[in-house]
Amino acid sequence: MTTKTKTNVLDLLGSDGEALLSHQCETIPAAQLHLPGPDFVDEVWAHSDRSPRVMCAMQSLFNHGRLARTGYLSILPVDQGVEHSGGASFAPNPIYFDPANIAQLAVEAGCNGVASTFGVLGGIARKYAHRIPMILKLNHNELMSYPATYDQVPFARVRDAWNMGCVGVGATVYFGSAESTRQIREISDAFAQAHELGMFTMLWCYLRNSAFTVDGVNYEASADLTGQANHLGSTINADFIKQKQPTNNGGYRALNQGGNKYGKYDDRIYDGLSSDNPIDLTRYQVLNCYMGRCGLINSGGGSGANDFQQAVRTAVINKRAGGMGLISGRKTFQRPMGEGIELFNAIQDVYLDPDITVA
């Protein structure tokens, strides 16, 4: 790491910067993981049932942008026009009502790929499909029903993604929700179709259930519950797992208080397979992605006052845990394009820095 890069990272990380950069994981050793690298497709997926066409699609993603041939990924996702409404999502920067600017941000920022809706990618496919790998997000929470409901429903067909030149498809399952069983069936079928057509698959493994808030603590981003969501996502043949970085642990314990019974857990999840350190909590997520065979891509989170600090911190934790990169939306497109590019580059610099190592 150059002096300039190290100083910038430490400045952005703040008071816990030295601790994050020097932490050594004592739970699951890095040597037991399938870590990102230039030969990840050869070393991991070549031994699987993935077809040569799917592996070509994966490799095209790994070969693109500033992180090309490192095994790490930096992806721009913009489906918030559906999920959160176009007005709420794009009011901070109205140029992104135009899909061309979404694709252009991903290109100029040196992203590996862009993930978006049927309408966005369909509107610019002939201009951009050959310039940047495209990932069609198949389902969304439409959030217009009244009263509000939270359910992921299909907005596109897998063949639509193939027709417009996408290299992969993405989808969300709200694990823990009343609709999760139907969503699992839908997405399992969709992912099988995508693999048949030669595209890779990426699953947003999110938790949704009001019961996951116990005594005022929200466990929808707890390491134990998100870890199990990752494991289920890997089980339905997701090649890449998108997950929120854990902010706490003990979801299973909390939900089993007071004589309640929920799921299955082992106390060694908390005192052997993870610790309170954010790097160890994220490593537990990697562990549940088949020891890293399915690459863990953490969410960049919503935009706020300290986006650069939060983004770099998330990247450092993900990389040191054994993750594969970040998928960063609102932090980047809800600011002027130049600043969005700068933020993407700050994230990418973490993965390009050889002195920021796996813990």
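Given the structure is predicted, the values throughout are model-derived calculations rather than measurements.

Asks: Whenever I open this one, the environment of A125 confuses me. Can you help?
Replies: Here A125 shows up in helix α7 (residues 118–128). Along the primary structure A125 and A103 are separated by 22 residues, whereas in three dimensions their C-alpha atoms are 9.5 Å apart. Contacts of A125, omitting those with residues within four sequence positions, involve M134 and M164.

Asks: Sorry if this is basic, but what is going on with helix α16 (residues 337–352) here?
Replies: For an α-helix, the turn length of 3.6 residues means that residues three or four places apart are oriented alike. Across its 16 residues, α16 extends 22 Å between first and last C-alpha, which sits within 8% of the 22 Å expected from 1.5 Å per residue. Within α16 the residues assigned to the buried category are M337, G340, I341, L343, F344, A346, I347, Q348, V350 and Y351. Elements that come into contact with the buried residues of α16 comprise β1 (73–78), α6 (99–108), α14 (307–321), β12 (325–327) and α15 (330–333).

Asks: Even after reading the chapter, I still don't get the environment of R185, so can you show me in this structure?
Replies: Its place among the elements puts R185 in helix α9 (residues 180–196). Separated by 51 residues in sequence, R185 and I236 place their C-alpha atoms 9.0 Å apart.

Asks: I tried to follow the environment of N249 on my own but got confused; where do I start?
Replies: Looking at where N249 falls in the secondary structure, it is placed in the loop between β10 (240–243) and α11 (251–255). With 22 residues separating them in the primary sequence, N249 and G227 have C-alpha atoms 10 Å apart. Look past the residues within four positions of N249 in its chain and what remains in contact with it is Y219, S222, A223, D224, Y270, S274 and L281. Of note is the side chain of N249, whose polar atom sits 3.1 Å from the backbone nitrogen of D224. Among the polar contacts made by the side chain of N249, one reaches the side chain of S274 at a distance of 3.2 Å.

Asks: What is the right way to read the pairing of β1 from this model?
Replies: Every regular strand shows the same layout, with side chains that alternate between the two sheet faces. Burial analysis of β1 places six of its six residues in the buried class, the great majority of the element. Neither face of β1 is open: one carries L73, I75 and P77, the other S74, L76 and V78, and all of them are buried. With three bridges connecting them, β1 and β12 associate as parallel partners. In the sheet register, I75 faces β12, and the bridge partner there is I327. Of the pairings in the sheet, the one linking β1 to strand β2 (residues 113–116) comprises four bridges and is parallel in character. When the bridges of β2 are listed, P77 appears paired with A115.

Asks: Any chance you could explain the layout of surface pockets here in plain terms?
Replies: The gaps left among the atoms become clear once a water-sized probe is rolled over them. Roughly 690 Å³ of internal volume is contained in the largest pocket. Ranked by residue count, the leading element in the lining of the largest pocket is α14, at four residues. When the residues that make up the lining of the largest pocket are grouped by side-chain class, the tally is eleven nonpolar, 14 polar and seven charged.

Asks: Where do I start with the pattern of salt bridges in this structure?
Replies: Where charged atoms from two side chains of opposite charge come close, those side chains can pair. Tallied over the entire structure, the rule returns twelve salt bridges. A salt bridge links D267 to R253; its shortest N-O distance comes to 3.3 Å. Of the two residues, D267 sits in the loop between α11 and α12 (268–271) while R253 sits in helix α11, which places them 14 residues apart along the sequence. The exposure class of D267 is partly exposed, given its relative accessible area of 40%. A salt bridge links D307 to R335, with the nearest nitrogen and oxygen atoms 2.6 Å apart.

Asks: Would you mind showing me how to read the packing of helix α10 (residues 223–235) against helix α13 (residues 278–288) here?
Replies: Axes are the key here: two packed helices are described by the angle between their axes and the distance separating the axes. Remark: α10 packs on α13, axes separated minimally by 7 Å, with the N-to-C direction vectors making an angle of 20 degrees. It follows from the interaxial angle that α10 and α13 lie roughly parallel. Crossing geometry of α10 relative to α13 is assigned as right-handed. For the pair α10 and α13, the contacting residues are A223, D224, T226, G227, Q228, N230, H231 and S234 in the first and L281, Y284, Q285 and N288 in the second. Considering only residue class, the contact of α10 with α13 consists of three nonpolar, eight polar and one charged.

Parameters and conventions
Residues numbered from 1 in each chain as written. Predicted model: local features only at pLDDT ≥ 70, side-chain atom pairs only at ≥ 80, totals over all residues. Heavy atoms only, no water. Helix = DSSP H or I, 4+ residues; strand = E, 2+ residues; numbered from the N terminus. Contact = heavy atoms within 4.5 Å. Expected span 1.5 Å × (residues − 1). Buried < 20%, exposed > 50% of the residue type's maximum accessible area, 1.4 Å probe, protein only. Polar contact = N/O pair within 3.5 Å; in protein donor to acceptor, adjacent residues only side chain to side chain. Pairing = 2+ DSSP bridges. 1 Å grid on protein atoms, 1.4 Å probe; cavity = no way out; pocket = protein on both sides within 12 Å on 5 of 7 lines; lining within 4 Å. Points joined across faces, edges and corners; volume = space filled by probe spheres on them. Nonpolar A, V, L, I, M, F, W, Y, C, P; charged D, E, K, R; others polar. Salt bridge = Lys/Arg side-chain N within 4 Å of Asp/Glu carboxyl O. Axes fitted to C-alpha atoms, helices over the stretch in contact; angles between N-to-C directions. Parallel < 35°, antiparallel > 145°, perpendicular 65-115°, else oblique. Left-handed = near helix turned anticlockwise from the far one by under 90°.

Read these as geometric descriptors, not functional statements.
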